[in-house]
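Each chain is listed here by its residues.
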Amino acid sequence: MPHVLVLNASYEPLGVVSMRRALILVLNHKAVSLEDSGVTMHSATSAVTAPSVVRLTRFVRVPFCGPVPLTRRALFARDHGRCVYCGAAATSVDHVIPRSRGGQHRWDNVVAACRRCNHVKADRHLTELGWRMKRPPAPPSGLAWRIIGTGIKDPRWRPYLEPYGGTDQFRDFEHHDHTGEAGAPVPLGRSRPVHRGEPETLTA
């Protein structure tokens, strides 16, 4: 069943809930629907259009939120589901500085990678291979990452999340899967890792 984006009364993103839960909030006047999902839910006596985005009618004070949890879904969202070394579809997680050589499992040392690059890199440093990344990995920030980090996507959520960070990730909301299936768009990127002394070639 599709999920529904929940906004605070102040419009800041809070999280996602099931469509059934969101509909109960609306029917109990605890939330108002801002976007319809196009899905109709039926009861014994009536039919109701389920929401895609709801806003709470009362402001909810949210406790301090720490860093975005480092999960596979959140990592692939940050890196757009693409290998940071060659731009191919990512299938695995790689530690830039290998854990066997003191690297830590944290946002600034973990990237999405394809199977081939992960295998070739193994437990070596990038300098040993002559590889380099377009940009160093960094922790994501912004309230929108409460949603983006879950990996749940709906293009109708974009206008409500865009003001709260993660702007680069919103193109992924237009295409729900970046796992290399036929027809999936390939963003501009390198066709393979760039080695020292080679010119950079971008593929369209």
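First things first, this report covers the structure right here in the doc. (Residues numbered from 1 in each chain as written. Predicted model: local features only at pLDDT ≥ 70, side-chain atom pairs only at ≥ 80, totals over all residues. Heavy atoms only, no water.)

1. Here we look at the overall build of the protein chain
Across its full length, the protein chain carries six helices and eight strands. For the protein chain, the succession of helices and strands along the chain, N to C, is β-β-α-β-β-α-β-β-α-α-α-α-β-β. Burial statistics for the protein chain: of 204 residues in total, 39% are counted as buried. Residue pairs at least 24 apart in sequence account for 57% of intrachain contacts in the protein chain once pairs closer than 6 positions are excluded. Of the roughly 11700 Å² of accessible surface on the protein chain, a fraction of 54% belongs to carbon and sulfur atoms. (Helix = DSSP H or I, 4+ residues; strand = E, 2+ residues; numbered from the N terminus. Buried < 20%, exposed > 50% of the residue type's maximum accessible area, 1.4 Å probe, protein only. Contact = heavy atoms within 4.5 Å. Areas by Shrake-Rupley, 256 points an atom, 1.4 Å probe, with all protein chains shown as cover.)

2. Points about the sheet that holds strand β4 (residues 47-56)
What the four strands build is an open sheet, ordered β2-β1-β4-β3; its pairing is mixed. A single partner strand is all that each edge strand has here, and the edge strands are β2 (13-18) and β3 (31-42). Neighbour-to-neighbour, the strand axes of this sheet turn through a mean angle of 30°, independent of strand direction. Relative to β2, strand β1 (residues 3-7) is paired through five bridges, and the arrangement is antiparallel. Looking at β2, one finds that V4 is bridged to V17. The strands that helix α1 (residues 19-27) touches are β1, β2, β3 and β4; relative to β4, the one it contacts most, it runs at about 85°. (Pairing = 2+ DSSP bridges. Axes fitted to C-alpha atoms, helices over the stretch in contact; angles between N-to-C directions.)

3. Quick look at the pattern of salt bridges
As enumerated under the stated definition, the model contains six salt bridges in all. Between R101 and E128 there is a salt bridge, with the nearest N and O atoms lying 2.6 Å from each other. Of this pair, R101 sits in the loop between β5 (92-95) and β6 (110-113) while E128 sits in helix α4 (residues 126-129), and the two are 27 residues apart along the sequence. Judged by its relative accessible area of 41%, R101 is partly exposed. (Salt bridge = Lys/Arg side-chain N within 4 Å of Asp/Glu carboxyl O.)

4. Remarks on the packing of aromatic side chains
With the rule as written, the count across this model stands at one aromatic pair. With 5.3 Å between their ring centres and 50° between their planes, Y85 and W131 make a pair best called tilted. Of this pair, Y85 sits in the loop between α2 (72-78) and β5 while W131 is found in the loop between α4 and α5 (145-148), placing the two residues 46 residues apart along the sequence. Both residues of the pair, Y85 and W131, belong to the buried class. (Phe/Tyr/Trp six-rings, centres within 6.5 Å; stacked < 30°, edge-to-face > 60°.)

5. What to know about the pairing of β3
Relative to β4, β3 runs antiparallel, the two being bridged by eight bridges. In the sheet register, A31 faces β4, and the bridge partner there is L56. Once β3 ends, the chain turns through four residues before running back antiparallel as β4.

6. Section: unusual backbone geometry
The phi dihedral of H80 is positive, around 60°, even though this residue is not glycine. With respect to the helices and strands, the residue H80 is situated in the loop between α2 and β5. Even without being a glycine, A122 presents a positive backbone phi close to 50°. Within the fold, A122 resides in the loop between α3 (115-121) and α4.

7. Focus on the side chain of S37
Within the secondary structure layout, S37 lies in strand β3. Taking the relative accessible area as the measure of exposure, S37 reaches 11% and is therefore buried. Within the structure, the side chain of S37 is placed 3.1 Å from the backbone nitrogen of V39, a separation counted as a polar contact. Filtering out sequence-adjacent residues up to four positions away, S37 remains in contact with M19, A50, P51, S52 and R156. (Polar contact = N/O pair within 3.5 Å; in protein donor to acceptor, adjacent residues only side chain to side chain.)

8. Some points on the side chain of N8
The residue N8 is located in the loop between β1 and β2 in this model. With relative accessibility at 0%, the residue N8 sits in the buried group. In contact with N8, not counting residues within four places along its chain, are L14, R55, L56, R58, F59, V60 and V62.

9. Things to note about the state of the cysteines
By the definition in use, this model includes zero disulfides. The thiol of C114 is not disulfide-bonded; the next cysteine sulfur, from C117, is found 3.6 Å away. Note on C114: relative accessible area 7%, which makes it buried. Note on C117: relative accessible area 1%, which makes it buried. (Disulfide = S-S within 2.5 Å.)

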